[in-house]
Number of protein chains: 2
Amino acid sequence: MASTSSLTLSQALLARTISHHGSAQSSDHVRLSPPTTFSLPSFSGLKSTNPPKSSSRRPRRLPARNQRQVRAAAVETLDVTTETSLLEKSVNTIRFLAIDAVEKANSGHPGLPMGCAPMGHILYDEVMRYNPKNPYWFNRDRFVLSAGHGCMLQYALLHLAGYDSVLEEDLKQFRQWGSKTPGHPENFETPGVEVTTGPLGQGIANAVGLALAERHLAARYNKPDVEIVDHYTYVILGDGCQMEGISNEASSLAGHWGLGKLIAFYDDNHISIDGDTEIAFTEDVGARFESLGWHVIWVKNGNTGYDDIRAAIKEAKAVKDKPTLIKVTTTIGYGSPNKANSYSVHGSALGAKEVEATRKNLAWPYEPFHVPEDVKKHWSRHVPEGASLETEWNAKFAEYEKKYPEDAAELKSIITGELPAGWEKALPTYTPESPADATRNLSQQNLNALAKVLPGLLGGSADLASSNMTLLKMFGDFQKGTPEERNVRFGVREHGMGSICNGIALHSPGLIPYCATFFVFTDYMRAAIRISALCEGGVIYVMTHDSIGLGEDGPTHQPIEHLASFRAMPNILMLRPADGNETAGAYKVAVLNRKRPSILALSRQKLPQLPGTSIEGVEKGGYIVSDNSSGNKPDVILVGTGSELPIAADAAKELRKEGKAVRVVSLVSWELFDEQSDAYKESVLPAAVTARVSIEAGSTFGWEKIVGSKGKAIGIDRFGASAPAGKIYKEFGLTAEAVIAAAKEVS
Amino acid sequence: MASTSSLTLSQALLARTISHHGSAQSSDHVRLSPPTTFSLPSFSGLKSTNPPKSSSRRPRRLPARNQRQVRAAAVETLDVTTETSLLEKSVNTIRFLAIDAVEKANSGHPGLPMGCAPMGHILYDEVMRYNPKNPYWFNRDRFVLSAGHGCMLQYALLHLAGYDSVLEEDLKQFRQWGSKTPGHPENFETPGVEVTTGPLGQGIANAVGLALAERHLAARYNKPDVEIVDHYTYVILGDGCQMEGISNEASSLAGHWGLGKLIAFYDDNHISIDGDTEIAFTEDVGARFESLGWHVIWVKNGNTGYDDIRAAIKEAKAVKDKPTLIKVTTTIGYGSPNKANSYSVHGSALGAKEVEATRKNLAWPYEPFHVPEDVKKHWSRHVPEGASLETEWNAKFAEYEKKYPEDAAELKSIITGELPAGWEKALPTYTPESPADATRNLSQQNLNALAKVLPGLLGGSADLASSNMTLLKMFGDFQKGTPEERNVRFGVREHGMGSICNGIALHSPGLIPYCATFFVFTDYMRAAIRISALCEGGVIYVMTHDSIGLGEDGPTHQPIEHLASFRAMPNILMLRPADGNETAGAYKVAVLNRKRPSILALSRQKLPQLPGTSIEGVEKGGYIVSDNSSGNKPDVILVGTGSELPIAADAAKELRKEGKAVRVVSLVSWELFDEQSDAYKESVLPAAVTARVSIEAGSTFGWEKIVGSKGKAIGIDRFGASAPAGKIYKEFGLTAEAVIAAAKEVS
């Protein structure tokens, strides 16, 4: 194809796209109009009567009556200059970039990109609105590859679309040390990747969070005359994602909330790692999604049925009150003559011989990593087009700002993540005279105080709002009819909740999602929490009922190993505040750490307001709460966290009566304490003082680091029990008496 | 009611039940015939045209044509002697036992027992086959209360049925220290409770495991002339269970497997803790289950529609190729005039005033905890009846044993849990000359060797069989048509998999389920693994790809904190074998620990067979692999686990060349090492030798305990990276050079 002709096509497409963007009221993107030779057949979802298209690689000739004038020219150009259509060439470029990168790395997953290249092409080339040179443009459409192992699909698309994060050399460095193209999509490595996927099912739940964020912000900030928030969230998920429980949780919520701008492509390829999905996955996925309140469309030929894919997207956009699942039946490894439609193409390089055979089969004469010039030029319009989209939106925002300065300022702070000046002044403070209270209640005071000053704070509980104390009193429920509200009702879906919050956090830097359940049920959502930590999503996990102190519900509900298990996790803050001031401190830390999630372990039971606790202390992770020693030489150091800090304080009182020099240290966050200077750490826990006793109602695992081999860690290294809390504390030896005895033993 | 009359009824029921048990070929339990006055209306599932029954507390009078002779007498008796029916009296007894126990404890969940008492009564009194005096009788029907918070329902039923585990004083000790009636059902505390529930969704998945076990054993051991394995699995689950992703995972598998003898009651009461389920749960549950391949029936009046419940059970039993969900619409807290149908009755005591009002409303004149004599007598038949059931089955088994001695011996070992003599001789052994191999491959050699000698070994992977290396080569797949096979295909459903395995493990002491995924994805199933540990389910978790050693898949797939997180968990063995002998040792330990689950962390990458490793060493948890010191005084001790043990060994070689006395210790299981004598521990890690270096490709959290404050722990306290494994090891400093340098630094 001569460069002039492709320019013609490119310009035509550009004109068609850009020229309509002024009329932003229409949420039905005009780019859906077929940009090449294909017409839009009538389509009616599952009842579609379109037979699967033949897999001919020639562009189908359509009856003249279906062709509109503007497209005829382009068709002519295409037919004259090239044997295969440019569209198909682009799709095959995606396939071969994936094949070549996996082959070079000798590691990776070529099957999905080969099967999903058509839908990928249509999304990134025809449907989605984005600006390659600013991957963080606020109003961009979001794309999530929930089947993250197929990341070469996304890298190829980002490359073609003109993102600087994925240049040719990045493709060649696929899965190599320090590259921008790791083995699964990682938002913190690759601008243009929205979230971190790979662990199956996370992506679809993230996408629900992204769509929730759009819906919420649109409801809060759009005006009758300015639609300032307006984008779609697209996701591709596979059979593996569908089998995971988290996807059902999140999808049930998406249906409940009626997230109409969430459009999910289910890559229905009948193959998973163990072979045909028939061996473990025979449910009717479409019917399940309908039962969850989704609109469902089946594209029977996802390999070459480009028009069907386009029509499905159009239909999906027309359904505004429900999310849409487009089940796209594809052939995994499409194009590979000997490995397509088999599990062998899922997760390994094709091998030189099969790559060759695939090149022949798809008539692909090019060198590895080659992007044909006409394809390159075709895609090149996305850079200017994306720039225009952003410029246009910026102009709209400027207008919005003039008309609605307060809303604009608030929205801006959500977009940029800049916290409002002086926000931390809203944090409540307490004195030892303040009434004793459970830290879960103190947490609610903080949440409600912060909600007034942080426009991006929103969240809720997994059906435990009245136990976790997470309701924001000045707001109603985020629901289908009231998406502007900020109390999110997640139902008993911890895993989906965590992952939805990751999506919210990664939607806009100023969105601060919090979510809640009993601390022990972090086990249900641990995979999502780990991704928060990895993807730098600053989610606040409000985890109440944080020990045997919850009492009668018994060992299934009593966390034991959970504090230790999170202290061992990278890039997360495990905070266990002891009273009001420490709870406020924990919130201050949590809000400030926008790239690190925080877990707040909070008590069910009442705790006294302790003298000596402070927000500043919490910010250092560990600090002296009380001390009657001098010269940094106490006889013994008592270390506690959360609900056991008052026990340590009580023991200290008794020991001091007996003439001992006793220091009480609150170790509210080990991670923050670790980050302090050596001098500070020495000032709190002097190396010379080996007489140390710790008390915490949880596993002693890891406490040797603090108390040393000569100290003693009081904790719980068995499962809990069902009984009133006070009784369990006593029976388990978590008492001031035990601390006193241990202190005497070690000092 | 005079005792004679109730005896009449009781005897009639007893006769009706016992007399038919000889004809064991019929799997349609004869006790389904209505034992009281009610007829069986025609019923056709969701299309039922029966309107909800009125909530009148009087027994409904039925047209004479619907009553058969045998029942007429009973009706007469009932009507003569009591205002309310005995049935209803029994149901109210259940309700008030729950109300009274929760009231006395001032803690607990009365709402579910009050709403589910009718189905509970029908199950335990009319439908289920069990022997109260031997809760472990092998062929009993299994009952699981997935909505475990409603445990007073089950305790009341066990009490009425005559189980010794729940006497009146136990009910009075509900939720108290040391009682048999903890706040959620715990199989290890209360004989008669099959599994441990409370964390929502676990129970339904456990039930799938129980039903799988029955199906599997029946397929293996039943003969055309003797049906020796033949029981149902019943489960009650609530809205909370339904929202949890795990229930969808497990239910999808149950549908796929066609587990016809699994019958689940969905307590559809429209209330969860946060209020009406409308706020977060509006999906069509029935349609979802149909999409999962279940038979679905809706009982619209679960409060008083006894006949509808009975008919539904009959219909469910008639459907033999699908599990059945009976959606039973109930009123939470039924009978409480002011709190029924509200969240306030879900999880708190009613309070004295409302208890009084409920007594009045249900015309209940009795003292707290009182079981009316007629109710007591009515239920008393279950003790002799249960004894007969077991005796009968024992006779059948004796006959079976004569005809099929080998099968009988095998089945017996599964029933009793007694391992076949000499089984451990099947474990493969290795020498340093054996070829280097990944421990995941060595694991497969062990699994295949053990499958030959352990009749109860069965399991599989969450769609990673070819990566986890878990296929048993001499067996096919456990599928609908081949339930006698032992390779279970779980699909990508880790959480459901773990919980199904808990059900299998708790079905029979000799069933040894194993399940597999990548180690990092224990995060998806952690709640199930914790329940394994708590419920004493000896599941073997085969967790491969156990570190950055998996390479290119990157940080989403690379475990870091996982070893530490399980070392902190009570009652679980975390094993990380280094080579063939250690893998065999890990399997020996795992098989022997039938009341403690084991997690085997296994490498993707090849590892050498090390001199000095042994099965016996593994059994001690930690042991000396090599040493050139004398007098228990090495210059330095190098400690490693799994794939880093060879790195420690390499470093030792170098250090020894430089004249150092170096000990290499394998710390394959911290828990087992902790359990050794102080003398043994001192012989491996002498207190006087503080020069210690550890190396493990995971978090260093917790290693201070081993290396002490003067030692050094080499590990990874950040997330991993996507690159070839060797490269990551080098970049992360997990090398023999680093160990050597550290050894020089500390010694």
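Since we're looking at a predicted model, the values are computed, not measured.

I would appreciate a short explanation of the interface of chain B and chain A in the present structure.
A common way to state how big an interface is: give the accessible area lost once the parts meet. Between chain B and chain A, the contact holds 93 residues from the first and 94 residues from the second. Looking at the side of chain B facing chain A, the largest losses of area belong to Trp177, Arg530 and Phe701 of chain B, adding up to 11% of the total buried there. Seen at the junction of chain B and chain A, the total is eight salt bridges. Among the salt bridges present, the one from Arg530 of chain B reaches Glu561 of chain A, with a minimum N-O distance of 2.7 Å. Here chain B is connected to chain A by 46 residue pairs in polar contact (both at pLDDT 80 or more).

Would you mind showing me how to read the UniProt feature "domain: Transketolase-like pyrimidine-binding" (unreviewed entry) in chain A here?
Under the feature "domain: Transketolase-like pyrimidine-binding" (unreviewed entry), the UniProt entry names residues 437–609 of chain A. For residues 437–609 of chain A, the end-to-end C-alpha separation is 8 Å, with 36% helix and 19% strand making up the annotated structure.

Explain the UniProt feature "active site" (unreviewed entry) in chain A here, please?
Mapped onto the present numbering, the UniProt feature "active site" (unreviewed entry) falls on Glu494 of chain A. Among the structural elements, Glu494 of chain A can be located in helix H18 (residues 494–507). Assessed through its relative accessible area of 2%, Glu494 of chain A is described here as buried. In this structure Glu494 of chain A touches Glu249, Ala462, Thr517, Phe521, Tyr524 and Met525 of chain A together with Glu244 of chain B, once residues within four positions along its chain are discounted.

Mind showing me how you'd approach the sheet that holds strand E15 (residues 598–601) of chain A here?
Each strand in a sheet pairs with another by means of backbone hydrogen bonds, the pair being arranged parallel or else antiparallel. Residues and elements named next belong to chain A. Read across the open sheet, the seven strands follow the order E10-E11-E9-E12-E13-E15-E14; overall the sheet is parallel. Here the strands that pair on one side only, and so sit at the sheet edges, are strand E10 (477–478) and strand E14 (573–575). Where strand E12 (residues 512–518) meets strand E13 (residues 540–544), five bridges bridge the pair, whose relative direction is parallel. Opposite Ala516, over in E13, you have Val542 as the bridge partner. Most of the contacts of helix H16 (residues 439–453) go to strand E9 (residues 457–461), to which it runs at about 150 degrees, and overall it touches E9, E12 and E13.

Sorry, what's going on with helix H15 (residues 405–416) of chain A here?
One turn of an α-helix holds 3.6 residues; hence residues three or four places apart share an orientation. Residues and elements named next belong to chain A. Spanning twelve residues, H15 covers 16 Å between terminal C-alpha atoms, matching the ideal 16 Å at 1.5 Å per step. Restricting attention to buried positions, one finds in H15 the residues Ala408, Leu411, Ser413 and Ile414. Summarising the contacts, the buried residues of H15 are in contact with helix H7 (202–221) and helix H14 (382–403). Positive backbone phi, approximately 85 degrees, marks Gly417, located one or two places after H15.

I would appreciate a short explanation of the pairing of strand E13 (residues 540–544) of chain B in the present structure.
Put simply, side chains in a regular strand alternate between the two faces of the sheet. Residues and elements named next belong to chain B. Of all five residues in E13, five are buried; the element is thus mostly enclosed. Neither face of E13 is exposed, since Ile540, Val542 and Thr544 on one face and Tyr541 and Met543 on the opposite face are all buried. You can see the chain leave strand E12 (residues 512–518), run along helix H19 (residues 522–535) and come back into E13, and the turn it takes is right-handed. Pairing geometry for E13 and strand E15 (residues 598–601), over four bridges, is parallel. Across the sheet, Tyr541 pairs through a bridge with Ile599, a residue of E15.

How should the nonpolar core be read in this particular structure?
One broad trend across soluble globular proteins is that nonpolar side chains are buried collectively. Counting 100 residues, the largest nonpolar core has Ile548, Leu638 and Leu734 of chain A together with Ile548, Leu638 and Leu734 of chain B as the members making the most contacts within it. Excluding residues that lie within four positions of it along the chain, Ile548 of chain A makes contacts with Gln558, Ile560, Ala697, Ile716, Gly720, Ala725, Ile728, Tyr729, Phe732 and Leu734 of chain A.

Please clarify how the packing of aromatic side chains should be interpreted in this entry.
Aromatic ring pairs are reported here in terms of the distance separating the ring centres and the angle at which the planes meet. All chains considered together, the criterion is met by 43 aromatic pairs over all chains. Residues Trp670 of chain B and Trp703 of chain B carry aromatic rings whose centres are separated by 4.7 Å and whose planes lie at 80 degrees to one another, so their mutual orientation is edge-to-face. A residue pair is termed long-range when its members are at least 10 positions apart, and Trp670 of chain B in helix H24 (residues 670–674) and Trp703 of chain B in the loop between strand E20 (692–695) and helix H26 (704–707) qualify at 33 residues. This pair shows no difference in class: Trp670 of chain B is buried, exactly as Trp703 of chain B is. An aromatic cluster is built from Trp670, Phe701 and Trp703 of chain A together with Trp670, Phe701 and Trp703 of chain B, whose rings are joined through pairwise contacts. Over the ring of Tyr232 of chain B we find Lys261 of chain B; its NZ or CZ atom is 5.5 Å from the centre of that ring.

About the cut-offs
- Residues numbered from 1 in each chain as written.
- Chains lettered and ligands numbered in written order.
- Predicted model: local features only at pLDDT ≥ 70, side-chain atom pairs only at ≥ 80, totals over all residues.
- Heavy atoms only, no water.
- Contact = heavy atoms within 4.5 Å.
- Buried area = accessible area lost by both parts, 1.4 Å probe.
- Salt bridge = Lys/Arg side-chain N within 4 Å of Asp/Glu carboxyl O.
- Polar contact = N/O pair within 3.5 Å; in protein donor to acceptor, adjacent residues only side chain to side chain.
- UniProt positions renumbered as here; feature names shortened; annotations may be inferred.
- Helix = DSSP H or I, 4+ residues; strand = E, 2+ residues; numbered from the N terminus.
- Buried < 20%, exposed > 50% of the residue type's maximum accessible area, 1.4 Å probe, protein only.
- Pairing = 2+ DSSP bridges.
- Axes fitted to C-alpha atoms, helices over the stretch in contact; angles between N-to-C directions.
- Expected span 1.5 Å × (residues − 1).
- Right-handed = clockwise from strand over helix to strand, strands pointing away.
- Core = buried A, V, L, I, M, F, W, Y, C linked by side-chain atoms within 4.5 Å.
- Phe/Tyr/Trp six-rings, centres within 6.5 Å; stacked < 30°, edge-to-face > 60°.
- Lys NZ or Arg CZ within 6 Å of the ring centre and 35° of its normal.

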